[in-house]
Amino acid sequence: MALTASRYGKERVRVLRLARDGDHHTPREVTLSVMLTGRFEAAWTGGDNRASIATDSIRNIVNVTAARNLALDAEGFVAAVARVLLETYPQVETVAIEAEEVRWLRHAIADAPHGHTFTRDGNGAGFAGLTADRSGSTLRSGLRGYTFMKTTQSGWTGFVADQYRTLADTTDRIAATSMDATWTWDSAPQDHGAANARILATLLTVFGTTYSRGIQDSMYRMGEAALAAVPELAEIGFVMPNKHYLPIDLAPFGLDNPGTVFLPTDEPYGRIEATIGRTG
């Protein structure tokens, strides 16, 4: 029987490159599919792997290329990865790479683009909910899946240290979340749309401009600020799962990683919830 077609590679290789220019950061996040065709037939027909490149090596090439090319756009980055594969392995004949890009938009605070606070393009969905009976009603507004990130000014230290802990303290990390927020109205504002926009702007300003000792810390202060900014609010509730960006160990390749190349991960994730209301 003839082997009429074959290829292999690595799917869903995720990497975030963070170019740092002082306080001005630029994140570039992509998920790659890297597929190879070439002189690998013997791996199929004869169990002979001598020409085969480990798919783990393909992932490592993506990460190393990321560390060496922090400022390339997505098109330039996939070209750089392909060039490394073709120059390194003569048995590779064709490299096919597809990149799905997560576009992070620089957030403006006080009408000025912020150096390290970003929102995801095509972000979230508005929410409105009403519970009513003949005695009255309760109206709620909010957002679902609103994703934002800051690339510094966040830490996580001093948590329980026992025989199960493996996570080290850190005082500088990426903080990112996909937020569900629901606020309950005590009275109707003059304009719900304007009030909702003011609440979101307040939440992001607190998140982006203050140091975070954890999502819990930021969440509480964001809620306090929203209640102070919009007197018609009765309370605000949050569900804010952690979106983890883990520094990639590049030491096996003789490279440092000074907080510039990260592995985005979705699962498992921390889920943090709270409701902040008025006292008295």
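All of these numbers come straight from a predicted model, not from anything done at the bench.

This next bit is on the layout of surface pockets. Approximately 620 Å³ is the volume attributed to the largest pocket. Around the largest pocket sit 26 residues that line it, and Leu-167, Thr-170, Arg-173, His-244 and Leu-246 are the ones nearest its centre. Within the residue set of the lining of the largest pocket, elements represented by two or more residues are β8 (175-185), α5 (215-229), β10 (244-247) and β11 (261-265). Broken down by class, the residue content of the lining of the largest pocket amounts to 13 nonpolar, 8 polar and 5 charged.

Before going further, it helps to examine the nonpolar core. Judged by nonpolar contacts, the single largest core of 28 residues is most densely connected at Met-179, Ile-199, Met-222, Ile-236 and Phe-238. Sorting the residues of this core by element identifies β7 (136-150), β8, α4 (192-209), α5, β9 (233-241) and β12 (271-277) as the ones contributing at least two each. Among the nonpolar cores identified, the runner-up in size contains 25 residues, and Val-13, Ala-66, Tyr-89 and Val-261 belong to it.

This part covers the side chain of Glu-232. With respect to the secondary-structure elements, Glu-232 resides in the loop between α5 and β9. It turns out Glu-232 is buried and unbridged, and the closest side chain with the opposite charge, Arg-198, is 4.6 Å from it. Discounting residues that sit within four places of it in the chain, Glu-232 has contacts with Trp-185, Asp-186, Ser-187, Ala-188 and Pro-189.

The next subject is the environment of Asp-266. You can see Asp-266 is positioned in the loop between β11 and β12. On the basis of relative accessibility, which here comes to 37%, the residue Asp-266 falls in the partly exposed class. Residues Asp-266 and Arg-12 lie 254 residues apart in sequence; the distance between their C-alpha atoms is 12 Å. Not counting chain neighbours up to four residues away, the residues in contact with Asp-266 comprise Arg-14 and Lys-243. A polar atom in the side chain of Asp-266 sits 3.0 Å from the side chain of Arg-14.

On to unusual backbone geometry. Cis geometry marks the peptide bond from Glu-267 to Pro-268, where omega comes out at -15 degrees. Here Arg-12, not a glycine, exhibits a phi torsion of approximately 55 degrees, which is positive. Tracing the chain through its elements places Arg-12 in strand β1 (residues 8-21). Residue class for Arg-12 comes out exposed when judged on its relative accessible area of 54%.

All right, on to α4 then. For α4, with 18 residues, the first-to-last C-alpha span of 26 Å sits near the 26 Å given by 1.5 Å per residue. Ala-195, Ile-199, Leu-200, Thr-202, Leu-203, Leu-204, Val-206, Phe-207 and Gly-208 are the residues of α4 that are buried. Its side-chain oxygen placed 2.9 Å from the backbone nitrogen of Gly-193, Asp-191 serves as the N-cap of α4.

Another aspect to go through is the sheet that holds β10. Pairing is antiparallel across the open sheet formed by 5 strands, whose spatial order is β3-β2-β1-β11-β10. Across the chains shown, the open sheet's two edge strands, defined by having one partner strand only, are β3 (92-102) and β10. Between one strand and the next, the sheet's axes are offset by a mean angle of 35 degrees, whatever the strand orientation. Running at roughly 155 degrees to β3, helix α3 (residues 74-88) makes contact with β1, β2 (24-38) and β3 of the sheet.

Below, the discussion takes up the packing of helix α2 (residues 55-68) against α3. For the pair α2 and α3, the least separation of the axes is 10 Å and the interaxial angle reads 125 degrees. In this view, α2 runs oblique relative to α3, as classed from their interaxial angle. The crossing of α2 and α3 is right-handed. Note on element contacts: α3 touches α2 through Phe-77, Ala-80, Val-81, Val-84 and Leu-85, opposite Ile-61, Val-62, Thr-65 and Ala-66. Tallied by class, residues from the contact of α2 with α3 come to 8 nonpolar, 1 polar and no charged.

Calculation notes
Residues numbered from 1 in each chain as written. Predicted model: local features only at pLDDT ≥ 70, side-chain atom pairs only at ≥ 80, totals over all residues. Heavy atoms only, no water. 1 Å grid on protein atoms, 1.4 Å probe; cavity = no way out; pocket = protein on both sides within 12 Å on 5 of 7 lines; lining within 4 Å. Points joined across faces, edges and corners; volume = space filled by probe spheres on them. Helix = DSSP H or I, 4+ residues; strand = E, 2+ residues; numbered from the N terminus. Nonpolar A, V, L, I, M, F, W, Y, C, P; charged D, E, K, R; others polar. Core = buried A, V, L, I, M, F, W, Y, C linked by side-chain atoms within 4.5 Å. Buried < 20%, exposed > 50% of the residue type's maximum accessible area, 1.4 Å probe, protein only. Lys, Arg positive; Asp, Glu negative; His and termini not counted. Salt bridge = Lys/Arg side-chain N within 4 Å of Asp/Glu carboxyl O. Contact = heavy atoms within 4.5 Å. Polar contact = N/O pair within 3.5 Å; in protein donor to acceptor, adjacent residues only side chain to side chain. Expected span 1.5 Å × (residues − 1). Pairing = 2+ DSSP bridges. Axes fitted to C-alpha atoms, helices over the stretch in contact; angles between N-to-C directions. Parallel < 35°, antiparallel > 145°, perpendicular 65-115°, else oblique. Left-handed = near helix turned anticlockwise from the far one by under 90°.

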